[in-house]
Amino acid sequence: MNPIFSALSTSVFEVMSQLARETGAVNLGQGFPDDPGPLDVRRKAAEAVVDGWNQYPPMMGLPELRQATATHYKHWQGLDLDPSSEIMVTSGATEAIAGALMALVSPGDEVVLFEPMYDAYVPLVRRAGGIPKFVTLRPPHFGLSEEALAAAFSPRTKVVLFNNPLNPTATIFSAADLDLLADFCIRHDAVAICDEVWEHVVFDGRRHVPVLGRPDMRERTVKISSAGKIFSLTGWKVGLVMAAPPLMKVLAKAHQYITFTTPPNLQAAVAYGLGKEDGYFEGMRADFQRSRDRFAQGLTGLGFSVLPSVGTYFLNVDIAPLGESDDVAFCRKLVMENGVAAIPVSAFYDQAAVRTVVRFCFAKRDATLDAALERLADLRRAGTAA
Ligand SMILES: Cc1ncc(COP(=O)(O)O)c(C=O)c1O
């Protein structure tokens, strides 16, 4: 067995979900919305199965989806992309990340990662032969610093794997952070793999700024998006990859031998969805923002210290003011005794874990959020968190 995967223990996500099932807890651990997602987009997928082509679609993706992707990102992010040479469709962002690492990393190359990070990153980097070098981000801002980047980059740096907006912190990197990152990538001749799956789920009027849009990064950036997040259909696993032709050529080679393609009906539905009017996207954001506010206000009212959430489906609570110093123990207690499942943010760190932050998913119905708040009120009343 390959030791990189065989040595991995059961993830905290599975542990918490299992405990939530066993105890009947309100599950705010896993990151998916209660809402079934846009009906017209789902209908398009159904129609395409019944009436459409169900054999292998082109390896790079349906031409109409690649065209729709170019039009969508021109409109929303000002990107000029050639659909025939700079856009590829993969089976989820996860395939795109795995493929990009396989295509760009050779054994012994260093890969800069920013912790806390999506749990797939480290095993995939290691399996590609890469050596992870970590930049540790800390609450409440989870921002970059020149010193931290200088410590992580070296002449062996080949790739930077950068997630913005950032799961699990629900933060967005500042313009100064992006300048710093670009500066280090250029100086070290590194490629930035930018996981931007949360780009559309941003609040309070914010607009996502893609690294690929910077002229100085245009030739050294791989942008990765996910229809699952754009349309609140997390099971769909349709990834969109954007990069300049020399990079795309090698990314396509990896995709060719991993999945080769992605279900054509989902591609057709995503092509339709990307062209939806602005109001759809604004409405989706407004709905999630309303849930965020409802849950944040409830938690604040109960005396919890809520960290700012400006994007994603998540909201974090600082448990240090409650006298807690072990987020894993806190989450176990929360699910077993109070009936609410959440995720300890230390699970997203590899090296220098922050142990006093807990992540909740607020992308749920009002009744679900209210039930969780009631149970958390019990915790406060019991004085467990005095
Ligand atoms: C940062 C990040 N990257 C990638 C993914 C996975 O995307 P997909 O489902 O399209 O593979 C997620 C899902 O939660 C995520 O949060």
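Every value quoted in this text rests on a predicted model; they were computed, and no experiment measured them. (Residues numbered from 1 in each chain as written. Predicted model: local features only at pLDDT ≥ 70, side-chain atom pairs only at ≥ 80, totals over all residues. Heavy atoms only, no water.)

### Considerations on the sheet that holds strand 10 (residues 314-318)
Okay, step 1: The antiparallel open sheet is built from 4 strands, whose spatial order is 9-10-13-12. At either end of the open sheet lies a strand with only one pairing partner, and these are strand 9 (305-306) and strand 12 (343-344).
Okay, step 2: Contacts from helix 12 (residues 278-301) reach strand 9, strand 10 and strand 13 (357-361), with the element oriented near 15° to strand 10. (Pairing = 2+ DSSP bridges. Helix = DSSP H or I, 4+ residues; strand = E, 2+ residues; numbered from the N terminus. Contact = heavy atoms within 4.5 Å. Axes fitted to C-alpha atoms, helices over the stretch in contact; angles between N-to-C directions.)

### Some words on the nonpolar core
Okay, step 1: Residues Leu101, Phe231, Phe295 and Phe360 are the most contacted members of the largest nonpolar core, which totals 106 residues.
Okay, step 2: One finds Ala152, Leu178, Ala190 and Val211 within the second-largest nonpolar core, a separate group that totals 29 residues. (Core = buried A, V, L, I, M, F, W, Y, C linked by side-chain atoms within 4.5 Å. Buried < 20%, exposed > 50% of the residue type's maximum accessible area, 1.4 Å probe, protein only.)

### So, the side chain of Thr312
Okay, step 1: For Thr312, the location among the structural elements is in the loop between strand 9 and strand 10.
Okay, step 2: In this structure the side chain of Thr312 is engaged in a polar contact, spanning 3.1 Å, whose partner is the backbone nitrogen of Phe314. (Polar contact = N/O pair within 3.5 Å; in protein donor to acceptor, adjacent residues only side chain to side chain.)

### As for helix 8 (residues 175-187)
Since there are 3.6 residues in each turn of an α-helix, residues three or four apart along the chain are aligned in direction.
Okay, step 1: When the terminal C-alpha atoms of helix 8 are compared, their 18 Å separation across 13 residues agrees well with the 18 Å that a helix rising 1.5 Å per residue should span.
Okay, step 2: Looking at helix 8, one finds that the buried residues are Asp177, Leu178, Leu180, Leu181, Ala182, Phe184 and Cys185.
Okay, step 3: In the core, the buried residues of helix 8 are packed alongside strand 3 (110-115), helix 7 (146-152), strand 5 (157-163) and strand 6 (191-195).
Okay, step 4: Positive phi shows up at Asp189, right after helix 8, with a value of about 55°. (Expected span 1.5 Å × (residues − 1).)

### Quick word on the site of the ligand
Okay, step 1: The full set of residues close to the ligand is Gly92, Ala93, Thr94, Tyr118, Asn163, Asn167, Asp195, Val197, Trp198, Ser226, Lys229 and Lys237.
Okay, step 2: Side-chain polar atom of Lys237 to an oxygen atom of the ligand: 2.7 Å apart, as the coordinates give it.
Okay, step 3: When the free accessible area of the ligand is taken as 400 Å², the share hidden by the protein chains comes to 93%.
Okay, step 4: With 3 residues, the top contributor of residues to the shell around the ligand is helix 5 (residues 92-104).
Okay, step 5: Of the residues belonging to the shell around the ligand, the class tally is 4 nonpolar, 5 polar and 3 charged. (Near = heavy atom within 4 Å. Areas by Shrake-Rupley, 256 points an atom, 1.4 Å probe, with all protein chains shown as cover. Nonpolar A, V, L, I, M, F, W, Y, C, P; charged D, E, K, R; others polar.)

### Concerning the pairing of strand 10
Here is the key point about a regular strand: its side chains alternate between the two faces of the sheet.
Okay, step 1: Counted residue by residue, strand 10 has 5 buried out of 5 residues, so it is predominantly covered.
Okay, step 2: Side chains Phe314, Asn316 and Asp318 of strand 10 all project onto a buried face; the interleaved residues Leu315 and Val317 project onto the opposite face, where all are buried too.
Okay, step 3: Here 5 bridges tie strand 10 to strand 13, and the two strands are oriented antiparallel to one another. What sits directly across from Asn316, in strand 13, is Arg359.

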